[in-house]
Amino acid sequence: MKYAEQISEMINAFSPAPLQIDQMEEFYCEDTMEYRTSDKYDSPIEDIYDVCRNFDEYNACLLLGHRGCGKSTELNRMSERLVADGYHVKTINCSMDLDLFNIVYSDLFILMGEALLQIAEELECHIEDKVLENIKNFWSEGTETIVAQESMAASLETGISVGTKGIFAGILNIFAKIKTDLKFNEETRKEYRKKISIRSSEWITILGQVAEAIARKTVGRRPIIIFEDLDKLNPEDAWRVFYNYAAILSGMKFPVIYTFPIGLSYDARFSALESYFITKTLPMIKIADIDNQPFEEGINIIRDIVEKRASSALFEEKVLERLIQYTGGSLRDLFHVINASAKRANRRESETISIEDAERALEEVKTSLTRRIEEKDYTFLLNIYTGNKELIEDKEMLLKMLQASVVLEYNGKRWHNVHPLVIKFFEEQGMIKDEGE
C-alpha cells in the first residue's frame, strides 16, 4: 500500500484489509480513542495490553465491536507494541484457516497449538523430549481416518532424530494438513474434533508446557494468541463455541484474545461469559451526538484517518464530508464507498471523485443495508432515531439489527443510532423529515 496522490492509487490505499505492523508508522492514525469512548484516558485496547503484560489469574479477553470499526488495526497496533516490549504474538485469522459456518471450540485449540509451536520454533526453544513425544502421540494415537498414522509417525520420528528443530518442522507439517482438513474435509474434521473433546485436559496441559518453555526463553514473557474474525460468527455459532466451553477457552496459562460479536452482549447469556473473560468493547467513532447533531471532533478524526492514506485534493468539494456523514463512523463502510467512488472516477478518467461518484457508491451500500430489514422493522428503527437511543427493551430485535449493521452502537454513555444510510432511506420514503431541507 502507498499513499494515494492520484485516483488510480486510491483503490489499494482504501483496501478493507487492516493495517499490518509494517504499515503502522506511515498510515496509522493516533488518538482515536477519545472520540470512541468520550474519554482520552479510557481505552479498551490499553486495558487488553495491560492484561497481556501483567501476569494474573485472568488471561482471556473478549473484544467486542462492530465489524469495520477498526478492531483488527488496533489489535495489530497493540501487537506491534508488545513485540517491541519483547513479547511474541501470533494472530490467527479464523476466516482463512476455518469454515466460519462450521466451527466448534476444539478447532480453536488446534490452531492455538500450531501458533504456540510456531513461536517456539522461531525462538528455537528447548522443549523437553517428553512433551514433544506427548504431542506426537496425541495426534498419532487412535486416529482412524485418512490422516495416515504411518506417515505422521515417520515425519515426527525423522524430526526427533535430527533434534528439536527437526521435530518442530515435522509437527508443523502435520498441523498444516490438519488445518486443511478442518476447513475442507468433513470426515477427518470429525476425527480431530473428537480427539480434542475426549482428551481436552491432556491437550491443555501440553499447550501450557509449550507456553512455559517459551516464557523460560523470553525471561518470563508469556506468548500471546489473538483470534481474529470470530466477531463474524452468526449468533448460534458464537454461543455454541463460547457459551458451553467458556471455562476451557478462558483457562489458558497465557493471554488469549478472542474477537466476539457485539450484538450478543445484549443476550442474557452474555453475563455468564463475563464471569470467565475480561470483556472489552471498541466503540465506533461517533460523527453525531445523541441528539443527531454533527460531532465535529469525530468527523475531523475520521478525515485525519483518510488523509493519512490519500491527498484530500482527490475529493471534490464537500465529497469527503458527505461520505463520512453517511457511513456513520463505520470505517469499513467508509473505505468501501471511497474505493467504489475512486473506481468510478478512474473509469471516467477523472482526476477527482465527484459528488455523483460518491452518491452512486452510497446508494450501493444503502441498498445492501435496506435489504436486511423488513417493513415490520421500520417502527423499531424510527423509534430509536427519534429519541429512544439508550433504553431499548426489545433486546432480541436490537441484537438482530446490530448483527445486520443497521443499528450502530456508540459509547461515552452507551447509546445507539440507526445507520445514516437507513435514515436516508426513511427520508426518501417520506417517513421522517429530510434533515437537508
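In this report, the structure presented in the accompanying data block is examined. (Residues numbered from 1 in each chain as written. Predicted model: local features only at pLDDT ≥ 70, side-chain atom pairs only at ≥ 80, totals over all residues. Heavy atoms only, no water.)

1. Observations concerning the overall build of the chain
Link 1 in the chain: Looking only at helices and strands, one finds 22 helices and seven strands in the chain.
Link 2 in the chain: Rg of the C-alpha trace for the chain: 24 Å, near the compact-globule value of 22 Å for 437 residues, within the 12% margin.
Link 3 in the chain: Overall, the chain is about 75 × 50 × 40 Å in size when its C-alpha atoms are taken along their principal axes.
Link 4 in the chain: In the chain, which comprises 437 residues, the share counted as buried stands at 54%.
Link 5 in the chain: Within the chain, contacts between residues separated by at least 24 positions form 77% of all contacts whose residues are at least 6 apart in sequence.
Link 6 in the chain: Working note: accessible area of the chain is about 19,800 Å², and carbon and sulfur atoms make up 46% of it.
Link 7 in the chain: Each charge sign in the chain was given a centre, from 53 positive and 75 negative side chains, and these centres are 2 Å apart. (Helix = DSSP H or I, 4+ residues; strand = E, 2+ residues; numbered from the N terminus. Rg over C-alpha atoms; globule rule 2.2 N^0.38 Å. Buried < 20%, exposed > 50% of the residue type's maximum accessible area, 1.4 Å probe, protein only. Contact = heavy atoms within 4.5 Å. Areas by Shrake-Rupley, 256 points an atom, 1.4 Å probe, with all protein chains shown as cover. Lys, Arg positive; Asp, Glu negative; His and termini not counted. Charge placed at Lys NZ, Arg CZ, Asp CG, Glu CD.)

2. So, helix H12 (residues 200–217)
Link 1 in the chain: With 18 residues, H12 should cover 26 Å at 1.5 Å per step; its first-to-last C-alpha distance of 26 Å lies within 8% of that length.
Link 2 in the chain: Every buried residue belonging to H12 is among Ser-200, Trp-203, Ile-206, Leu-207, Gly-208, Val-210, Ala-211, Ala-213, Ile-214 and Ala-215, and all of these are buried.
Link 3 in the chain: Of the residues flanking the end of H12, it is Val-219, one or two places downstream, whose phi is positive at about 55°. (Expected span 1.5 Å × (residues − 1).)

3. Digging into the packing of helix H7 (residues 105–123) against helix H11 (residues 186–198)
Link 1 in the chain: Look at H7 against H11: their axes get within 9 Å of each other, and the N-to-C directions meet at 90°. Classified by the interaxial angle, the pair formed by H7 and H11 is roughly perpendicular. Mapping the contact onto sequence places Tyr-105, Ser-106, Asp-107, Phe-109 and Ile-110 in H7 and Tyr-192, Arg-193, Ile-196 and Ser-197 in H11.
Link 2 in the chain: When the residues that make up the contact of H7 with H11 are grouped by side-chain class, the tally is five nonpolar, two polar and two charged. (Axes fitted to C-alpha atoms, helices over the stretch in contact; angles between N-to-C directions. Parallel < 35°, antiparallel > 145°, perpendicular 65-115°, else oblique. Nonpolar A, V, L, I, M, F, W, Y, C, P; charged D, E, K, R; others polar.)

4. Focus on unusual backbone geometry
Link 1 in the chain: A positive phi is found at Lys-318, a non-glycine position, where the angle reads about 75°.
Link 2 in the chain: Within the element layout of this structure, Lys-318 appears in the loop between helix H16 (296–307) and helix H17 (319–327).
Link 3 in the chain: Judged by its relative accessible area of 57%, Lys-318 is exposed.

5. Topic: the packing of aromatic side chains
Link 1 in the chain: Under the counting rule described, the total for this entry stands at 22 aromatic pairs.
Link 2 in the chain: Between the aromatic rings of Phe-138 and Trp-139, the centroid separation amounts to 5.0 Å while the plane-to-plane angle is 75°, which identifies the pairing as edge-to-face. Pair check on accessibility: Phe-138 and Trp-139 agree, each one buried.
Link 3 in the chain: Ring plane angle 90° and centroid distance 5.9 Å describe the contact between Tyr-258 and Phe-277, whose orientation is recorded as edge-to-face. Of this pair, Tyr-258 sits in strand S4 (residues 256–260) while Phe-277 is found in the loop between helix H15 (270–273) and strand S5 (278–281), placing the two residues 19 residues apart along the sequence. Taken as a pair, Tyr-258 and Phe-277 share a single burial class, namely buried.
Link 4 in the chain: Clustering of aromatic rings is evident, with ring pairs tying together Phe-227, Trp-239, Phe-242, Tyr-243, Tyr-258, Phe-260, Phe-270 and Phe-277.
Link 5 in the chain: Over the ring of Phe-138 we find Lys-195, and its NZ or CZ is 5.9 Å from the ring centre.
Link 6 in the chain: Here Lys-424 stacks its cationic end above the ring of Tyr-326, 5.8 Å away from the centre of that ring. (Phe/Tyr/Trp six-rings, centres within 6.5 Å; stacked < 30°, edge-to-face > 60°. Lys NZ or Arg CZ within 6 Å of the ring centre and 35° of its normal.)

6. Some thoughts on the environment of Ile-226
Link 1 in the chain: Residue position: Ile-226 is located in strand S3 (residues 224–228).
Link 2 in the chain: For the pair formed by Ile-226 and Ile-257, sequence separation is 31 residues and the distance between their alpha carbons is 4.7 Å.
Link 3 in the chain: Contact partners of Ile-226, with chain neighbours within four places excluded, come to Leu-75, Met-78, Ser-79, Val-89, Lys-90, Thr-91, Ile-92 and Ile-257.

7. Re the nonpolar core
Link 1 in the chain: With 64 residues, the main nonpolar core has Phe-227 and Tyr-258 as its most contacted residues.
Link 2 in the chain: Counting residues per element, this core draws most heavily on H7, at 12 residues.
Link 3 in the chain: By size, the runner-up hydrophobic cluster in this structure holds 59 residues, among which are Phe-14, Ile-324, Val-337 and Leu-362. (Core = buried A, V, L, I, M, F, W, Y, C linked by side-chain atoms within 4.5 Å.)

8. Focus: a negative patch on the surface
Link 1 in the chain: A cluster of acidic side chains, namely Asp-31, Glu-34, Asp-39, Asp-42, Glu-296 and Glu-297, defines a negative patch on the protein surface.
Link 2 in the chain: Here Asp-39 is to be found in the loop between helix H3 (34–37) and helix H4 (44–53).
Link 3 in the chain: What makes Asp-39 partly exposed here is its relative accessible area of 35%. (Patch = residues over 30% accessible without salt bridge, like charges linked within 9 Å, V, L, I, M, F, W, Y side chains within 5 Å. Salt bridge = Lys/Arg side-chain N within 4 Å of Asp/Glu carboxyl O.)

9. Thoughts on the pairing of strand S6 (residues 407–410)
Link 1 in the chain: Burial along S6 is two-sided: Val-407 and Glu-409 facing one way and Leu-408 and Tyr-410 facing the other are all buried.
Link 2 in the chain: Two elements, S6 and strand S7 (residues 415–418), share four bridges in a ladder whose sense is antiparallel. Residue pairing across strands places Glu-409 opposite His-416, the latter belonging to S7. (Pairing = 2+ DSSP bridges.)

10. Brief notes about the pairing of strand S1 (residues 60–64)
Link 1 in the chain: For S1, a buried count of five out of five residues is recorded, marking the element as mostly surrounded by other parts of the structure.
Link 2 in the chain: The side-chain alternation of S1 yields two buried faces, one formed by Ala-60, Leu-62 and Leu-64 and the other by Cys-61 and Leu-63.
Link 3 in the chain: The pairing of S1 with S4 spans five bridges and is parallel. In the strand pairing of S4, Leu-62 is matched with Tyr-258.
Link 4 in the chain: Relative to S5, S1 runs parallel, the two sharing four bridges. What sits directly across from Leu-64, in S5, is Thr-281.

11. Details of the state of the cysteines
Link 1 in the chain: In this structure the tally under the stated criterion is zero disulfides.
Link 2 in the chain: Cys-52 takes part in no disulfide bond, and the closest cysteine sulfur to it belongs to Cys-61, at a distance of 6.2 Å.
Link 3 in the chain: Given a relative accessible area of 1%, Cys-52 falls into the buried group.
Link 4 in the chain: Assessed through its relative accessible area of 1%, Cys-61 is described here as buried. (Disulfide = S-S within 2.5 Å.)

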